[in-house]
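Examination of the molecular architecture
Okay, here's what each chain looks like letter by letter:
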Amino acid sequence: MRQAWSARGRRYHPRRRRRTLLRKIVDVGLAFALLGGLALVSARLERFSTISPAGVARIADGDSLELGGERIRLRGIDAPELAQTCRRQEAEYPCGRLARDALRKLAGSGRISCEGWERDRYDRLLAVCSAGGLELNRELVALGWAVAYGGYRVEEAEARAARVGLWAGEFDTPGEWRKMRGALSEAPHDLLGAMLNWLRQLIAL
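The shown structure was predicted, so the numbers you read here are calculated from the model rather than taken from an experiment.

What about helix α2 (residues 95–107)?
Under the 1.5 Å per step criterion, the end-to-end length of α2 is 18 Å for 13 residues, consistent within 8% with the ideal 18 Å. Considered for burial, the residues of α2 that qualify are Cys95, Gly96, Ala99, Arg100, Ala102, Leu103, Leu106 and Ala107. Seen end-on, α2 carries its buried residues on one side only, within an arc spanning 155 degrees.

Topic: the side chain of Glu118
With respect to the element layout, Glu118 can be found in strand β8 (residues 112–119). Within the local environment of Glu118, its side chain forms a polar contact with the side chain of Arg75, the two groups lying 2.9 Å apart.

Quick word on the layout of surface pockets
Space inside the largest pocket adds up to approximately 270 Å³. Along the walls of the largest pocket sit 19 residues, with Asp78, Tyr149, Thr173, Gly175 and Glu176 positioned nearest its centre. The set of elements that each furnish at least two residues to the lining of the largest pocket consists of β11 (147–148), α4 (153–162) and α5 (174–180). Tallied by class, residues from the lining of the largest pocket come to nine nonpolar, three polar and seven charged.

A closer look at the confidence of the model for the protein
Of the residues in the protein, 74% reach a pLDDT of 70 or more, and the chain-wide mean stands at 84. Contacts of residues 3–7 to residues separated by more than four positions or lying in other chains number six contacts, the stretch itself having pLDDT below 50. The low-confidence segment residues 36–46, where pLDDT is below 50, has five contacts with residues more than four positions distant or belonging to other chains.

Some remarks on the state of the cysteines
Taken as a whole and assessed by the stated rule, the structure comprises two disulfides. The disulfide partner of Cys86 is Cys95, and the S-S distance across this bridge is 2.1 Å. Between Cys86 and Cys95, the S-S torsion sits near 70 degrees, and that sign places the bridge as right-handed. In this pair, the class of Cys86 matches that of Cys95, namely buried.

Basis of the calculations
Residues numbered from 1 in each chain as written. Predicted model: local features only at pLDDT ≥ 70, side-chain atom pairs only at ≥ 80, totals over all residues. Heavy atoms only, no water. Helix = DSSP H or I, 4+ residues; strand = E, 2+ residues; numbered from the N terminus. Expected span 1.5 Å × (residues − 1). Buried < 20%, exposed > 50% of the residue type's maximum accessible area, 1.4 Å probe, protein only. Arc of directions from axis to C-beta. Polar contact = N/O pair within 3.5 Å; in protein donor to acceptor, adjacent residues only side chain to side chain. 1 Å grid on protein atoms, 1.4 Å probe; cavity = no way out; pocket = protein on both sides within 12 Å on 5 of 7 lines; lining within 4 Å. Points joined across faces, edges and corners; volume = space filled by probe spheres on them. Nonpolar A, V, L, I, M, F, W, Y, C, P; charged D, E, K, R; others polar. pLDDT = per-residue confidence, 0-100. Contact = heavy atoms within 4.5 Å. Disulfide = S-S within 2.5 Å.

The structure is reproduced here in structure tokens:
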């Protein structure tokens, strides 16, 4: 039996036709998957928009506060936990509460404004906040009541040299203190940490 020839002079193969059909189905499936992925990404983009809450804040501890319905973590710094103690002149003192008091003093009773887009693993907004013309993040490190955590390295070096705040004695870094008590680790607020938070926000339900 003679085989049929295509218009281009090639032999007709049923298997080739099935492969072509299968390829078209796969291509259509990939196209729908790509469109679905783009739609998902578009739906998540609003999570990355800059948020700028402002008003009178409630200070939670040395590096976190609540403002305008947002729980905010001061970006780039790490202050002692509220229950943390440190050592100075061979005696323990409540450095966590003193760090909170330092933030309260800097914030005052007036208006605080913050700005950020990134969220940490606890869904807190990582933000830079200001009050009375002062950047709170920077001032806390400069006064020695917070350590650099992805930013403010110069301010930390100056506070350490001047032996102010925490640097006047001995202390475990807040990250070490949390680790010793089995708390979840928190990524530093650097480029790698920002990428991890970005991916976490992107895939969050």
